[in-house]
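# Structure at a glance
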Amino acid sequence: MTYRILFLDIDGTILKADHTYTDSTKEAIEQAKKKGIDVFLATGRPRHEIRELAKELNIHSCIASNGAYAEFNEQTIIEEPLDTEIIHSFLEAAKMHGFDMVLYANDKNYFTSFDTPAVQTFLDTFQLTTNALWHPDVKANILGVTLIGVDDDSLKHLSVPTGIHLSPVHVGDVQDAYDIIRQNVNKGQAVQKVLETMNISQTVAIAFGDGMNDKEMLQVVGEGFAMGNAHPDLFSYAKHRTNTVDDSGIYNGLKQLGVID
């Protein structure tokens with residue numbers, strides 16, 4: 001099989017818990033590119049928070065904000081802001097149930113508060129660099145949202161709009177955090193759009209992920225890999241299971257397919 005395109009999640013897939021990546025991961029990406037495979041970062045992070053990593057790995061295409069934004073060779077091909085009524089409904093729920101939110105635009109991360117331990121853990125875990133307090137003036141530019149510090153009781157009573165589901169964040173010490181995922185805007189939908197734009201078949205597409213926000217992506221490619229450290233519920237959505245992020249998961253998965261000799 002001659003594979004054409006590779007989609008890689010970042011946290012828990014490329015990046016280890018200490019925010020570094022193994023030499024084997026970089027080598028795997030370089031070998032894939034030498035085989036003529038187009039490599040995309042595919043992440044829940046906003047575009048502005050992945051620029052340095054993309055530069056280090058010499059990757060020029062991405063799916064960001066859980067599929068709400070995408071670039072091919074640094075040219076925008078997807079930009080889908082979140083409906084302002086949905087944003088408003090979750091902001092009201094946050095006030096009612098006492099949790100926080102981070103709302104991602106293409107230039108900044110807007111937090112409803114910086115004061116709680118849950119927010120500080122989130123900031124430390126993801127090392128977000130471009131942050132500001134939320135204000136309504138930017139609501140039309142929001143591409144994605146993460147709920148932070150949602151306890152079980154609040155989750156049980158949370159009213160989730162139709163066409164939305166909450167995906168648990170599975171990274172480091174972050175607990176009780178959930179990405180807002182749209183039924184028609186997610187990593188899987190973005191992958192399909194990229195494949196259509198580039199006229200590439202799903203059968204020659206590969207993806208690696210570890211979180212529940214990766215499930216749609218792993219289902220729409222020909223070769224979907226769940227990392228060994230993945231959320232337990234993700235394995236049923238993946239065609240393959242590979243090693244952990246600490247143990248050359250991407251490298252070994254690509255070797256299994258014959259992409260790496």
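Look up: the structure comes first, before these words.
In short, a report on the structure. (Residues numbered from 1 in each chain as written. Predicted model: local features only at pLDDT ≥ 70, side-chain atom pairs only at ≥ 80, totals over all residues. Heavy atoms only, no water.)

## As for the overall build of the chain
A count of helices and strands for the chain gives eight helices and 14 strands. For 261 residues, the compact-globule estimate of 2.2 N^0.38 gives 18 Å, and the chain sits close to it at 18 Å. Referenced to the eigenvectors of the C-alpha coordinate spread, the extents of the chain come out at roughly 55 × 35 × 30 Å. Counting all 261 residues of the chain, 56% fall into the buried class. Across the chain, the fraction of contacts at a sequence separation of at least 24, relative to all contacts at a separation of at least 6, is 58%. Positive and negative side-chain charges in the chain, numbering 21 and 37 respectively, have mean positions lying 6 Å apart. (Helix = DSSP H or I, 4+ residues; strand = E, 2+ residues; numbered from the N terminus. Rg over C-alpha atoms; globule rule 2.2 N^0.38 Å. Buried < 20%, exposed > 50% of the residue type's maximum accessible area, 1.4 Å probe, protein only. Contact = heavy atoms within 4.5 Å. Lys, Arg positive; Asp, Glu negative; His and termini not counted. Charge placed at Lys NZ, Arg CZ, Asp CG, Glu CD.)

## A closer look at the pattern of salt bridges
One pass over the full model with this rule turns up seven salt bridges. Between Asp 261 and Lys 35 there is a salt bridge whose closest N-O contact spans 3.7 Å. Of this pair, Asp 261 sits in the segment after helix H8 (249-257) while Lys 35 sits in the loop between helix H1 (23-34) and strand E2 (38-42), and the two are 226 residues apart along the sequence. Asp 261 sits in the exposed class, given a relative accessible area of 71%. Ionic pairing is found between Glu 71 and Arg 47, a salt bridge with its closest N-O pair at 3.1 Å. A residue pair is termed long-range when its members are at least 10 positions apart, and Glu 71 in strand E4 (residues 69-72) and Arg 47 in the loop between E2 and helix H2 (51-57) qualify at 24 residues. On the basis of relative accessibility, which here comes to 6%, the residue Glu 71 falls in the buried class. On the basis of relative accessible area, Arg 47 is assigned to the buried category, the value being 7%. Within this structure, Asp 9, Lys 187 and Asp 214 form a network of salt bridges that share partners. (Salt bridge = Lys/Arg side-chain N within 4 Å of Asp/Glu carboxyl O.)

## Concerning helix H3 (residues 84-97)
Helix length check: H3, at 14 residues, gives a terminal C-alpha distance of 20 Å against a target of 20 Å (1.5 Å per residue), a fit within 8%. All of the buried residues in H3 are Ile 86, Ile 87, Phe 90, Leu 91, Ala 93 and Ala 94. Projected down its long axis, H3 carries its buried residues within an arc of 160°, all on one side. Across H3 from its buried face, at more than 90 degrees, point the exposed residues Glu 85, Lys 95 and Met 96. (Expected span 1.5 Å × (residues − 1). Arc of directions from axis to C-beta.)

## Brief notes about the sheet that holds strand E10 (residues 164-168)
Taken together, six strands build an open sheet; the order of strands is E8-E7-E6-E9-E11-E10 and the sheet is mixed. Of all the strands in the sheet, just strand E8 (131-133) and E10 have a single pairing partner and so form its edges. On average, each strand axis in the sheet is inclined to that of its neighbour by 30°, with strand direction left out of account. Here strand E6 (residues 100-104) runs beside strand E9 (residues 144-148); their pairing, made up of five bridges, is antiparallel. Within the sheet, the bridge partner assigned to Val 102 lies in E9 and is Thr 146. Most of the contacts of helix H4 (residues 117-126) go to E9, to which it runs at about 130°, and overall it touches E6, strand E7 (109-111), E8 and E9. (Pairing = 2+ DSSP bridges. Axes fitted to C-alpha atoms, helices over the stretch in contact; angles between N-to-C directions.)

## Some remarks on the pairing of strand E5 (residues 75-79)
In terms of strand pairing, E4 meets E5 through four bridges, oriented antiparallel. Looking across to E5, one finds that Glu 71 is bridged to Thr 76.

## Digging into the packing of aromatic side chains
Given two aromatic rings, one states the distance between the centres and the angle between the planes to describe the pair. Scanning all chains against the criterion turns up six aromatic pairs. Ring centres of Phe 111 and Phe 122 lie 6.5 Å apart, and the angle between their planes is 70°; this geometry places the pair in the edge-to-face category. Taken together, the residues Phe 111 in strand E7 and Phe 122 in helix H4 connect sequence positions 11 residues apart. Taking relative accessible area as the criterion, Phe 111 reaches 0% and is therefore assigned buried. Take Phe 122: its relative accessible area is 3%, and that puts it in the buried class. Plain terms: the ring middles of Phe 122 and Phe 126 are 4.7 Å apart, the flat faces sit at 45° to each other, and that makes the pair tilted. (Phe/Tyr/Trp six-rings, centres within 6.5 Å; stacked < 30°, edge-to-face > 60°.)

## Quick notes on the environment of Gly 253
By secondary structure assignment, the location of Gly 253 is in helix H8. Taking relative accessible area as the criterion, Gly 253 reaches 0% and is therefore assigned buried. The spacing of Gly 253 and Pro 168 is 85 residues in sequence and 25 Å in space, taken between C-alpha atoms.

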